[in-house]
Amino acid sequence: MLGLDNWIAGFSDGTTLLVVALVAIVLGLRHATDPDHLAAVTTLIAGTEERATKAAARLGLAWGAGHATSLFAFGVPIVLFKAYLPDRVEQGAETAVGVLIAALAVWLLVRWRRGLFHVHVHTHEQVHAHGHVHRGDGHPHRTTAARRPAQAFGIGLIHGMGGSAGVGILLLASIHDHLIAVAALALFALCTALSMALLSTGFGRALASASLRASFDRLAPALALLSLAFGTWYTLGALDLAPYFF
């Protein structure tokens, strides 16, 4: 994806505010679709009981806000002073991202193993004014609690620490004015957060559909194992150990 990001950043000459803003917006939208972001948000949404569209949007927005906060905080020194994180710190941040993805996947597996995603269908009876009983349509119930937005914010905060140097390089490659560079970084972070909210809304809508809701007990372990494999690969890559295993 770095080649695509460089291609997008190449449209900016670093002086025209409108062009810089558009490039930052497009980069932010594209950055939201990075595989590590998708893996983290998928397990975040799938690992919670409340997967309605609005709830998923809240979690995605909270995750994106946390990601944007740390991305901006670590990115400002880069665009202003070219003060990159030391290699060891950057490696530690990337490792934390991989471990986080794997941890979310393991937690999803644990919840699935406990049977927390098994759907029980109940019917409700309503007594009408004339005294007769009406049996409503059956619908599924689960009893697990929803993940809180504060938790999603914390997860996004950790996730945003990784890759900050790459973001700074893309912006510094074309932006020479410090004020414009900071504004572009803010737009980048904001668009990433909003994009993650939109993607999470889509995931929530899909997971709340009748077909997936009924079969989620079988789908959950597959999602978890895929995310666990990706998180493990990401962690090994951050530690420069991937060549020894792949």
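Residues numbered from 1 in each chain as written. Predicted model: local features only at pLDDT ≥ 70, side-chain atom pairs only at ≥ 80, totals over all residues. Heavy atoms only, no water.

A. Here's a closer look at the overall build of the protein chain. Scanning the protein chain from terminus to terminus reveals 10 helices and 4 strands. Mapped from its N terminus to its C terminus, the protein chain presents α and β elements in the order α-α-α-α-α-β-β-β-β-α-α-α-α-α. The long-range share in the protein chain, meaning contacts at least 24 apart out of those at least 6 apart in sequence, stands at 76%. (Helix = DSSP H or I, 4+ residues; strand = E, 2+ residues; numbered from the N terminus. Contact = heavy atoms within 4.5 Å.)

B. Broad picture of the environment of Ala-102. Note on placement: Ala-102 falls in helix α5 (residues 87-113). Leaving out residues up to four positions away in the same chain, Ala-102 has contacts with Leu-228 and Gly-231.

C. Molecular detail of the packing of aromatic side chains. Under the defined criterion, the tally for this structure stands at 2 aromatic pairs. Between Phe-230 and Trp-233, the ring centres sit 5.6 Å apart and the planes meet at 40°, which makes this aromatic pair tilted. Here Trp-233 and Phe-230 lie together in helix α9 (residues 210-238), a separation of 3 residues that amounts to about one turn. Ring plane angle 45° and centroid distance 6.0 Å describe the contact between Phe-230 and Tyr-234, whose orientation is recorded as tilted. Placement of the pair is Phe-230 and Tyr-234 together in helix α9, with a separation of 4 residues, close to one helical turn. Relative accessible area serves as the criterion here: at 21%, Phe-230 is assigned to the partly exposed category. (Phe/Tyr/Trp six-rings, centres within 6.5 Å; stacked < 30°, edge-to-face > 60°. Buried < 20%, exposed > 50% of the residue type's maximum accessible area, 1.4 Å probe, protein only.)

D. Structural view of the nonpolar core. Membership of the largest hydrophobic core comes to 25 residues, with the highest contact counts inside it found for Ile-45, Ala-46, Trp-63, Leu-108, Ala-152, Ile-155 and Phe-216. Top contributing element to this core by residue count: helix α3 (residues 35-46), with 6 residues. Every residue in contact with Ala-152, bar those within four places of it in the chain, is listed here: Leu-44, Leu-59, Ala-62 and Trp-63. Core analysis: the second largest hydrophobic core is formed by 16 residues, Val-20, Ile-175, Ile-180 and Ala-189 among them. (Core = buried A, V, L, I, M, F, W, Y, C linked by side-chain atoms within 4.5 Å.)

E. Geometry of the confidence of the model for the protein chain. Here the protein chain averages 78 in pLDDT, and 73% of its residues register 70 or above. The secondary structure element of the protein chain with the lowest average pLDDT is strand β3 (residues 133-135), at 41, and the one with the highest is α5, at 90. Between residues 120-145, whose pLDDT stays under 50, and residues either more than four places distant or in other chains, the model counts 44 contacts. (pLDDT = per-residue confidence, 0-100.)

F. Here's a closer look at the packing of α3 against α5. Close contact between α3 and α5 brings their axes to 9 Å; oriented N to C, the two are set at 30°. With respect to each other, α3 and α5 are oriented roughly parallel. Considering only the axes of α3 and α5, their crossing is left-handed. Across the interface between the two elements, Asp-36, Ala-39, Ala-40, Thr-43 and Ala-46 of α3 pack against Val-97, Ile-101, Leu-104, Ala-105 and Leu-108 of α5. Taken together, the residues that form the contact of α3 with α5 break down as 8 nonpolar, 1 polar and 1 charged. (Axes fitted to C-alpha atoms, helices over the stretch in contact; angles between N-to-C directions. Parallel < 35°, antiparallel > 145°, perpendicular 65-115°, else oblique. Left-handed = near helix turned anticlockwise from the far one by under 90°. Nonpolar A, V, L, I, M, F, W, Y, C, P; charged D, E, K, R; others polar.)

G. Broad picture of the pattern of salt bridges. For the coordinates displayed, the defined rule picks out 1 salt bridge. Measuring nitrogen to oxygen at the nearest pair gives 2.8 Å for the salt bridge that ties Asp-34 to Arg-30. Like Arg-30, Asp-34 is buried. (Salt bridge = Lys/Arg side-chain N within 4 Å of Asp/Glu carboxyl O.)

H. Representation of the side chain of Glu-94 in the model. Along the chain, the position of Glu-94 falls in helix α5. Put simply, Glu-94 is tucked away with no salt bridge, and the nearest opposite charge, on Arg-30, sits 12 Å away. (Lys, Arg positive; Asp, Glu negative; His and termini not counted.)

I. Quick look at the environment of Ala-56. By the secondary structure assignment, Ala-56 is in helix α4 (residues 53-81). Ala-56 gets classed as buried once you look at its relative accessible area, which sits at 0%. Remark: the alpha-carbon pair of Ala-56 and Leu-198, spanning 142 residues in sequence, is separated by 9.2 Å. Once residues lying within four places of it in the same chain are set aside, the contact partners of Ala-56 are Ile-45, Ser-200, Thr-201 and Gly-204.

J. Broad picture of α3. For α3, which comprises 12 residues, the first-to-last C-alpha distance of 16 Å matches the rise-based estimate of 16 Å (1.5 Å per residue) to within 8%. Among the residues making up α3, those that are buried are Asp-36, His-37, Ala-39, Ala-40, Val-41, Thr-42, Thr-43, Leu-44, Ile-45 and Ala-46. (Expected span 1.5 Å × (residues − 1).)

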